[in-house]
Amino acid sequence: MSVFSTVLARDLRLALRQSADSLTVVAFFAIATVLFPFGVGPEANILARIAGGVLWVTALLAALLSLDRVFTVDFEDGTLDQLILSGESLSLVVLAKVIAHWLTTGVPLIIMSPVLAVTLHLPAEGYAPLMLALLLGTPTVSLVGATGAALVLGTRRGGVLLSLLVLPLYIPVLIFGTAAVEAAVTGRSAGPMLMVLGGLMVLAASLSPWATAAALRQAVE
Amino acid sequence: MSCEINSTAPTLPLVARFRSAMVRRMSGDGFTSGRFSGEGLACRRGGRLVFAGLHFSVAPGGALVLRGPNGSGKTTLLRLMSGLTPSSSGHMAWDGTPVDDRDAHAARLRFVTHLDAVKPALTIMENLAFWMALWSGKVEDTVILKAMEALDLQRLSAFPARLLSAGQRHRLALARLMVAPAPLWLLDEPGNALDDASLTALAKMIADHRARGGMVVVASHGSAFVEGGMTLDVGAFSPKTPAHWSEEEE
Amino acid sequence: MHKFANPTQFMRIANAIFPWAAGLTVILFLVGLPIALVTSPADYQQGETVRIFYLHVPAAYMGVMVYAIIAVNSAAYLIWRHPMANLVARASAPVGAVFTALCLICGMLWGQPMWGTFWAWDARLTSTLIMFFIYLGYMALGDAFEDPERGDRAAAILALVGSINLPIIKFSVEWWNTLHQPSITSMQGFSVDGSMLTPLFLMMGAYTTFYISVLILRLRGELLAAKIRNARMSQVAISPAAQLAE
């Protein structure tokens, strides 16, 4: 059994035992989305026009809320020291933790998104691109967010600071994620945007674990 | 109980299993390691020079007890020995070869810090199984059972760790030492929160480890559980004059 | 390179440069501002509004340059642990942020007559705004820790992460901009007449020497603050009161 699968299995098990945490994130996603009709009015055409963007922005915020605790608990109870001393590549441990985070928060968000899209009157052509875009975009969100979460370990206001650091870095994902939905709704192909999202994910997957590992090492120094 | 252990082994088919080529287990029941030593070590924390010119040496089967007043840098020295904290000068050697690969060095040590690294949502069994899987790549009930017995935790094995008292959690942290062998043990105040029976158990663990050729470095005020170890007064290496922010200056 | 790591050596050079940089700043502003704002010809399309560019373009340039300086110094700090590289990076950030803010303000003032609104989601203006946020994040992270060294290291890593992300953000925003607003006059792409180059370069020079002067002043302050902090630390370390810590 490798370090990767050991850490992944443990994090999944912990998330399962504390499944209320994941549910809270999904609930936040739902309530934040539901606020928009109250803000812009319930007219179906306006809601349909902004549905893709609203779902993406609220999904980003929901993921961000949960990212705050990816490393915090391990940092505070001393597990992080032991993981760094596991004798294996820390990037691999990071990747396992990020995948566990994505499986326990990103995936529930993707599953929830079509339900919320209904309330926003998203046109039928938009559903598949929305979910595909989230599928390709949320791993990037988890990867980049993990780097931010590692950087703010031990700060006084970790959560707020994390938003300030990470949200600007999410703009490319938001642009192409929303554009994919918009393209499909207006009768164009969402393919190119989805490919860009995939490219961003590959880039994030190759660079972010490395930066996160560096941030974790300096956090326990 | 055995089903508890089996379920710890991840069975995710999609997950690629990266396997380390590194051989981390020591052969047989003894360690074949050499001496662990440090020369001219200095460490700076928050701009302050904690200690400088520090040297130490531990032979196989040996023990080193770190002493010194609070703030003299015992914990810092242990973290430096573990490779978590880099030294600002000096170097450490393992069996004569410089310690420069942090991961390779980490694989031959176990570090019990003042934080117990216990997951409250997992049972004692699951906690130990996780560490065993992480360090040795496999989970064996008998080994975990032996570790729990060494610290008298076996009756509690199926309890979630959140129900444990501070002393019991610390015993669980110490039980980690038994699930996967490593030649060097770094222990930061291991006697804290322990009752007499557990102190005796700890003393026996340390004695057994040394008898197999293992090494122990302990930061402690009372050393009842280390017999015949050498003592290192970390406080003696504190800089006497106020240290300015750069030695090159002036 | 390594000899600059020594603060004493570094400051000796910096202090020698300072009077020249400060003097040059004053001269360049005294010469450049009247040319840029009064005597240079008005643009045939934009009229007098074009003068805002002489403040705006060098500010945009400085915002990017200073970020590059921060990124390079952060890398040097992380790799070689040069204390001076860290100080240069940390001391540069507020200056870079102010240049970026100046660029944004000038852009908005230019937008009012040209677009009829203070803010349009122009690609360059939007990218600059995002860079401003990244500056804010960098400074906030650096100051967020009890232990200043942790702030230094975390901020340095963030600076490098940001330097990889900034080009991606820039290209994304440009693509997004063409998608949504093809109609408005972009701030980019107007032809630069030869007569505009003189005031532009004068102002760029003035901004650069201004940055160097302020950086040296800030480094002096930082070094003094570090000395005071460490003197206090050593006192704490010696006094019995410190034994409560740990």
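Here the structure is a predicted model, which means the values were calculated and not measured. (Residues numbered from 1 in each chain as written. Chains lettered and ligands numbered in written order. Predicted model: local features only at pLDDT ≥ 70, side-chain atom pairs only at ≥ 80, totals over all residues. Heavy atoms only, no water.)

1. Observations regarding the packing of helix H8 (residues 158-166) of chain A against helix H4 (residues 123-142) of chain C
Inclusion rule: Helix axes are fitted to C-alpha atoms over the stretch in contact, other axes to C-alpha atoms as well, and angles between N-to-C directions run from 0 to 180 degrees. Here a strand is any run of E in DSSP of at least two residues, a helix any run of H or I of at least four, and the numbering for each starts at the N terminus. The handedness criterion is simple: a crossing whose near helix is rotated anticlockwise from the far helix by less than a right angle is left-handed, and one whose near helix is rotated clockwise is right-handed. Contacts are assigned to residue pairs with any non-hydrogen atoms lying within 4.5 Å of each other. Residues were grouped as follows: Ala, Val, Leu, Ile, Met, Phe, Trp, Tyr, Cys and Pro as nonpolar; Asp, Glu, Lys and Arg as charged; and all remaining residues, including Gly, as polar.
Remark: H8 of chain A packs on H4 of chain C, axes separated minimally by 8 Å, with the N-to-C direction vectors making an angle of 145 degrees. You can see that H8 of chain A and H4 of chain C cross each other, and the crossing is left-handed. Residues Leu161, Leu164 and Leu165 of chain A of H8 of chain A pack against Phe133, Leu136, Gly137, Ala140 and Leu141 of chain C of H4 of chain C. Considered class by class, the residues forming the contact of H8 of chain A with H4 of chain C number 7 nonpolar, 1 polar and no charged.

2. A short note on the interface of chain A and chain B
Operational definition: Buried area is a sum: the accessible area each of two parts loses on coming together, probed at 1.4 Å, counted once for each and added. By definition, a salt bridge exists where a carboxyl oxygen of Asp or Glu is found within 4 Å of a side-chain nitrogen of Lys or Arg.
If you look at the interface, chain A gives 35 residues, while chain B gives 43 residues. For the pair chain A and chain B, the summed buried area comes to about 3400 Å², and 61% of that belongs to carbon and sulfur atoms. For the pair chain A and chain B, the interface holds 6 salt bridges. At the level of elements, helix H1 (3-17), helix H4 (72-77), helix H5 (79-84) and helix H10 (191-220) of chain A are the ones that each hand at least two residues to the side of chain A that touches chain B. The element that contributes the greatest number of residues to the side of chain A that touches chain B is H1 of chain A, accounting for 12 residues. Split into classes, the residues belonging to the side of chain A that touches chain B amount to 15 nonpolar, 10 polar and 10 charged.

3. What about the sheet that holds strand E1 (residues 36-45) of chain B?
Residue and element names in this part refer to chain B. Let me state the cut-off plainly: Here, any two strands with at least 2 DSSP bridges between them count as paired.
Strand order across the open sheet formed by 4 strands is E2-E1-E4-E5, with antiparallel pairing between neighbours. Each edge of the open sheet is held by one strand with a lone partner, namely strand E2 (48-58) and strand E5 (97-98). Where strand E4 (residues 89-94) lies against E5, 2 bridges are found, and the strand directions are antiparallel. What sits directly across from tryptophan 94, in E5, is threonine 97. Along the sheet face, helix H2 (residues 74-82) touches E1, E2 and E4 and points at about 120 degrees away from the line of E1.

4. A short note on the pairing of E4 of chain B
Residues and elements named next belong to chain B. Here E1 pairs with E4 via 5 bridges, running antiparallel. Following the sheet pairing, glycine 38 is matched in E4 by methionine 92. Counted between consecutive antiparallel strands, the loop separating E4 from E5 contains 2 residues, among which aspartate 95 sits at a positive phi close to 60 degrees.

5. Considering the environment of proline 58 of chain C
All names here are of chain C. With respect to the helices and strands, proline 58 occurs in helix H2 (residues 52-80). Sequence-wise, proline 58 and alanine 206 are 148 residues apart; in three dimensions their C-alpha atoms are separated by 9.1 Å. Filtering out sequence-adjacent residues up to four positions away, proline 58 remains in contact with Phe53, Leu200, Met203, Met204 and Tyr207.

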